[in-house]
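# Tertiary structure, described
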Amino acid sequence: MATAAVEEKSGKVVLRNIGLLLSGDIDQPILDADTIVIHDGLITAVGREKDCDISEAKTTIDVRQTCVAPGLIDSHVHPVFGDWTPRQNQIGWIDSTMHGGVTTMISAGEVHLPGRPKDIVGLKALAITAQRAFDNFRPGGVKVIAGAPIIEKGMTEHDFQELAAAGVMLLGEVGLGSVKAGYEAKEMVAWARKYGIQSTIHTGGPSIPGSGLIDKDVVLEADADVIGHINGGHTSLPEAHVCELCEKSSRAIEIVHNGNERVAIAAAKAALELKCPHRVILGTDGPAGSGVQPLGMLRMVALLSSLANIPAELVFCFATGNTARIRNLNCGLIEVGRAADFVFMDRAQHTAGKTLLESVQLGDIPGIGMVMIDGLVRCTRSRNTPPATEVPVVLH
Ligand SMILES: [Zn+2]
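Residues numbered from 1 in each chain as written. Predicted model: local features only at pLDDT ≥ 70, side-chain atom pairs only at ≥ 80, totals over all residues. Heavy atoms only, no water.

### Some points on the coordination of the zinc ion
Operational definition: For Na, K and Ca the donor cut-off is 3.2 Å; for every other metal, N, O and S atoms count as donors within 2.8 Å. Water does not enter the count, which can leave sites looking incomplete. Helix and strand definitions follow DSSP, with helices as H or I runs of at least four residues and strands as E runs of at least two, each counted in order from the N terminus. For every residue, the accessible area obtained with a 1.4 Å probe (protein chains only) is divided by the maximum for its type, and the residue is called buried under 20%, exposed over 50%, and partly exposed between those limits.
The protein atoms that coordinate the zinc ion are Glu173 (OE), His202 (ND1) and His229 (NE2), at distances of 1.8 to 2.3 Å. Sequence spacing of the donor residues for the zinc ion, all on one chain, is E-x28-H-x26-H. With glutamate 173 in the loop between helix H3 (157-165) and helix H4 (182-194) and histidine 202 in the loop between strand S15 (200-201) and helix H5 (216-222), this residue pair connects regions lying 29 residues apart in the sequence. Summarising the burial analysis for this pair, glutamate 173 and histidine 202 share the class buried.

Below, the structure written as structure tokens:
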């Protein structure tokens, strides 16, 4: 299912009989509410059914006591164009990822484009084109925030001003281009920030032939907004250096699926020990050499909850509200005024966990029963997750 950005409006939608409502807010991850009211894609009420106006809805969904959470935000993807990735020559990967509960993806650079231009005019043109193309075309309804240029030597402050004026809001991973020295990266990251462009730095060893090592000193000197794949993409810095980054930098700690899993756990634990869980955000770094992982975000949630011993409701915040706040997105939190982007989950059939949260803490992936973006149902029972025990029902 491919959907253009100009879409039908959801009208009034009511979600009732919610069993567990995960907020995305790390300071209050579970809400005491069983009903959400939506109007034209935005949340207008969250509360107890008796306190909400549920009359005259265009669509009413009985959630059947299952869990509603904000749609997952993948903080680190490498899209190219449409729903195709040249990395593994696959089509339909974004739609497939929507079946894994992801409703928003953030580009860390359209680096896999065959023949990607590396001259300054060319890289700017690509970024602007990618931003426009994904703004106009949403595979599976997924919001892909793209247009993330890979910075190269020779760029000037004016280039960043021009990119920002053209609607580019992100830098691709700093370090994937010719700018690899800390002092060079620092200057360009600061120019980007001055014009409202958010930056991410590649952390760790080279990802593919042609890329290079970015060590902790470069990460600290560059001071990008997001410490991209702090657990390596794939090759990690030594665990002690990763913990040092968590401690010495105040920037976002991004942990990815296509990284070192042992260091992923160490980084998450370090963030908790440093009392800054709000800095942790999750991504996949897919498509990658390890493939396309439609369940990559859910696998990260299960990994960190089970092996880093972090309550599942907190880890879901790493994948939703934390990212929304750090990246200034109008989704990722269950709050009036936010986008009605949700994933509906229940414990997978025959998991050892007695509840959804317990099943995740035991390392199992939840079953998805429905995904909604902008108040519109994008899929019912996921074709990718293990089957949810109970699924929501559209009453009308
Ligand atoms: Zn990278």
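Text resumes after the structure shown.
### Remarks on the packing of helix H6 (residues 239-248) against helix H7 (residues 261-273)
Threshold: The angle between two axes is taken between their N-to-C directions and runs from 0 to 180 degrees, where each axis is a line fitted to C-alpha atoms and a helix contributes only its stretch in contact. With respect to orientation, any angle under 35 degrees is reported as roughly parallel, any angle over 145 as roughly antiparallel, any angle of 65 to 115 as roughly perpendicular, and every other angle as oblique. Rotating anticlockwise by less than a right angle from the far helix to the near helix defines a left-handed crossing, while the corresponding clockwise rotation defines a right-handed one. Contact between two residues is taken to exist if any of their heavy atoms lie within 4.5 Å; hydrogens are not considered.
For the pair H6 and H7, interaxial distance at closest approach is 9 Å and the crossing angle is 30 degrees. Judged on the interaxial angle alone, H7 and H6 are roughly parallel. Relative to H7, H6 is oriented so that their crossing is right-handed. Touching Glu239, Val242, Cys243 and Cys246 of H6 are Arg262, Val263, Ala266, Ala267 and Ala270, all from H7.

### Details of the environment of aspartate 217
Turning to its location among the elements, aspartate 217 is positioned in helix H5. Considered as a pair, aspartate 217 and glycine 182 are 35 residues apart in the sequence and their alpha carbons are 7.4 Å apart.

### Quick notes on the sheet that holds strand S16 (residues 226-227)
Within a sheet, each strand pairs with its neighbour through backbone hydrogen bonds, oriented either parallel or antiparallel. Stated formally: A pair of strands is considered paired only if DSSP assigns at least 2 bridges between the two.
Taken in spatial order, the 4 strands of this open sheet run S15-S16-S17-S18, and their pairing is parallel. Strands at the two margins of the open sheet, each flanked by one partner only, are S15 and strand S18 (280-283). As paired strands, S16 and strand S17 (residues 252-256) are joined by 2 bridges and run parallel to one another. From the neighbouring strand, valine 226 faces S17, where its bridge partner is alanine 252.

### Observations regarding unusual backbone geometry
Cis peptide bonds are those with omega within 30 degrees of zero, and the linkage from glycine 233 to histidine 234 qualifies with 5 degrees. With respect to the helices and strands, histidine 234 occurs in the loop between S16 and H6. Here the bond from glycine 286 into proline 287 is cis, since omega is -15 degrees, no more than 30 degrees from zero. For proline 287, the location among the structural elements is in the loop between S18 and helix H8 (296-307). Phi at asparagine 328 takes a positive value of approximately 55 degrees, unusual for a residue other than glycine. If you trace the backbone, asparagine 328 turns up in the loop between helix H10 (321-326) and strand S19 (342-346). Positive phi, normally seen in glycine, also occurs at histidine 350, with a value near 70 degrees. The topology assignment puts histidine 350 in the loop between S19 and helix H11 (356-361).

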